[in-house]
Every structure is written in C-alpha cells, then in structure tokens.
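So you can see what is in the structure, the chains are spelled out below.
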Amino acid sequence: MLKAELIGNLGSDAEIKEFGGKKYVALSVATTEYAKDDQGNRADVTTWVSALWYGDGGGLFSYLKKGAKVFVRGNLRTKIYTDKQGVQQVAINVNASEVQLCGSKMEASPQQQAPATPTKGNSAPPQPTPAPVPQVGDDLPF
C-alpha cells in the first residue's frame with residue numbers, strides 16, 4: 001500500500017459527488033516545490049493531485065473553497081491516460097482518509113481581512129474583564 005501526505009492549495013471549490021450510492025468530496029489540490037534549474041534560477045514546479053474523500057465532508061465542507069490550504073492523507077493511486085491531443089499523461093489521485101484545513105491564501109491578503117474597527121451600526125460585543133489571578137506562594141518542593 002502506497003500512502004501519501006500532502007499540503008497544498010485547492011484549485012477550485014470542493015464538490016460533493018455520488019457514485020454507486022456513496023457520497024464523496026472531490027478536491028483538486030496544487031502542491032508547489034521550489035528548485036533551481038540548470039542556470040541556477042529558481043523554478044517553481046506545481047503538481048496537481050485529485051483527492052476523493054468519502055462522505056460528505058462533515059462540518060469542513062463549507063470551508064473547502066478555492067485557495068484554501070489543506071492537508072490530505074490517504075492512499076496514492078496513479079493512472080495513465082491519453083489526453084485529447086493524443087499525449088499520454090499520468091494522473092495522481094489520493095483516496096483521502098484525512099483532510100484538515102491549514103489556513104488559506106486569502107488570510108494573507110489585506111483586502112479579505114475583516115475591519116479592525118467596528119463599522120457604524122455594527123458595534124463589537126463588550127469584552128469580558130479577565131478575572132484576577134490569585135497569588136501563589138513559592139512553596140514548591142523543588
């Protein structure tokens with residue numbers, strides 16, 4: 001059995017599909033490795049992996065949107081096929097047993113972040129005052 005673990009960004013929103021009466025979540029994950037080419041220039045190599053996660057994604061499905069960074073663990077499968085131009089290609093697929101959110105590209109962009117100050121008509125709830133911490137003596141046995 002060949003296991004795979006990958007971290008990458010979703011190339012599109014996740015989709016719930018059904019096959020043979022079973023539901024699964026289809027994910028398209030891009031992983032990028034950085035290397036140097038023969039001239040010493042940085043070269044980005046992106047590999048696309050299709051992941052099938054059986055079930056309906058639970059509470060995670062609504063967060064599996066394009067650009068979200070995910071961790072996927074499962075069994076690796078490869079498939080050789082011929083594309084429309086007649087060129088042989090290799091598809092990399094993972095039958096996922098685990099999917100976790102790691103954050104997203106959107107978190108890093110300032111346009112997507114919530115405003116730091118409340119807007120008119122949208123006041124922030126009052127923050128609770130932390131309880132005082134009782135002072136403990138230095139009666140430690142070591």
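A quick note: this is a predicted structure, and the numbers were derived from the prediction, not measured. (Residues numbered from 1 in each chain as written. Predicted model: local features only at pLDDT ≥ 70, side-chain atom pairs only at ≥ 80, totals over all residues. Heavy atoms only, no water.)

**Some thoughts on the environment of I7**
Looking at where I7 falls in the secondary structure, it is placed in strand β1 (residues 3–10). For the pair formed by I7 and L101, sequence separation is 94 residues and the distance between their alpha carbons is 9.4 Å. Setting aside anything within four residues of it in sequence, one finds I7 in contact with T31, K69, V70, F71 and C102. (Helix = DSSP H or I, 4+ residues; strand = E, 2+ residues; numbered from the N terminus. Contact = heavy atoms within 4.5 Å.)

**Details of the pairing of strand β2 (residues 15–19)**
Bridge count between β2 and strand β3 (residues 22–36): 5 bridges; the pairing is antiparallel. Of the residues in β3, the one forming a bridge with I16 is V25. Taking the residues that link successive antiparallel strands as the turn, the β2-β3 hairpin has 2 residues, and the phi of G20 there is positive, at about 60 degrees. (Pairing = 2+ DSSP bridges.)

**Points about the pattern of salt bridges**
This model, assessed by the stated rule, comprises 3 salt bridges. Taking the shortest distance from any N to any O, the salt bridge between E5 and R73 comes out at 2.6 Å. Of this pair, E5 sits in strand β1 while R73 is found in strand β5 (residues 68–82), placing the two residues 68 residues apart along the sequence. Judged by relative accessible area, which is 31%, R73 ranks as partly exposed. Of the charged contacts in the structure, one is a salt bridge between E98 and R73, with a shortest N-O distance of 2.5 Å. Residue E98 is located in strand β6 (residues 88–104), and its partner R73 is located in strand β5; the two are separated by 25 residues in the primary sequence. Residue classification places E98 among the partly exposed positions, given a relative accessible area of 21%. Salt bridges sharing common partners tie together E5, R73 and E98. (Salt bridge = Lys/Arg side-chain N within 4 Å of Asp/Glu carboxyl O. Buried < 20%, exposed > 50% of the residue type's maximum accessible area, 1.4 Å probe, protein only.)

**Notes on the side chain of N75**
With respect to the secondary-structure elements, N75 resides in strand β5. The exposure class assigned to N75 is buried, which follows from its relative accessible area of 17%. A distance of 3.1 Å separates the side chain of N75 from the side chain of K3, its partner in a polar contact. Excluding residues that lie within four positions of it along the chain, N75 makes contacts with M1, L2, K3, N93, V94 and N95. (Polar contact = N/O pair within 3.5 Å; in protein donor to acceptor, adjacent residues only side chain to side chain.)

**Description of the nonpolar core**
Judged by nonpolar contacts, the single largest core of 18 residues is most densely connected at L27, L64, V72 and V99. Excluding residues that lie within four positions of it along the chain, L27 makes contacts with L10, A14, V49, S50, A51, L64 and V99. (Core = buried A, V, L, I, M, F, W, Y, C linked by side-chain atoms within 4.5 Å.)

**Re the packing of aromatic side chains**
Describing an aromatic ring pair means giving the distance of the ring centres and the angle of the ring planes. With the rule as written, the count across this model stands at 1 aromatic pair. For the ring pair Y24 and Y54, a centre distance of 5.8 Å and an interplane angle of 55 degrees mean the geometry is tilted. Of this pair, Y24 sits in strand β3 while Y54 is found in strand β4 (residues 42–54), placing the two residues 30 residues apart along the sequence. For Y54, a relative accessible area of 48% gives the class partly exposed. (Phe/Tyr/Trp six-rings, centres within 6.5 Å; stacked < 30°, edge-to-face > 60°.)

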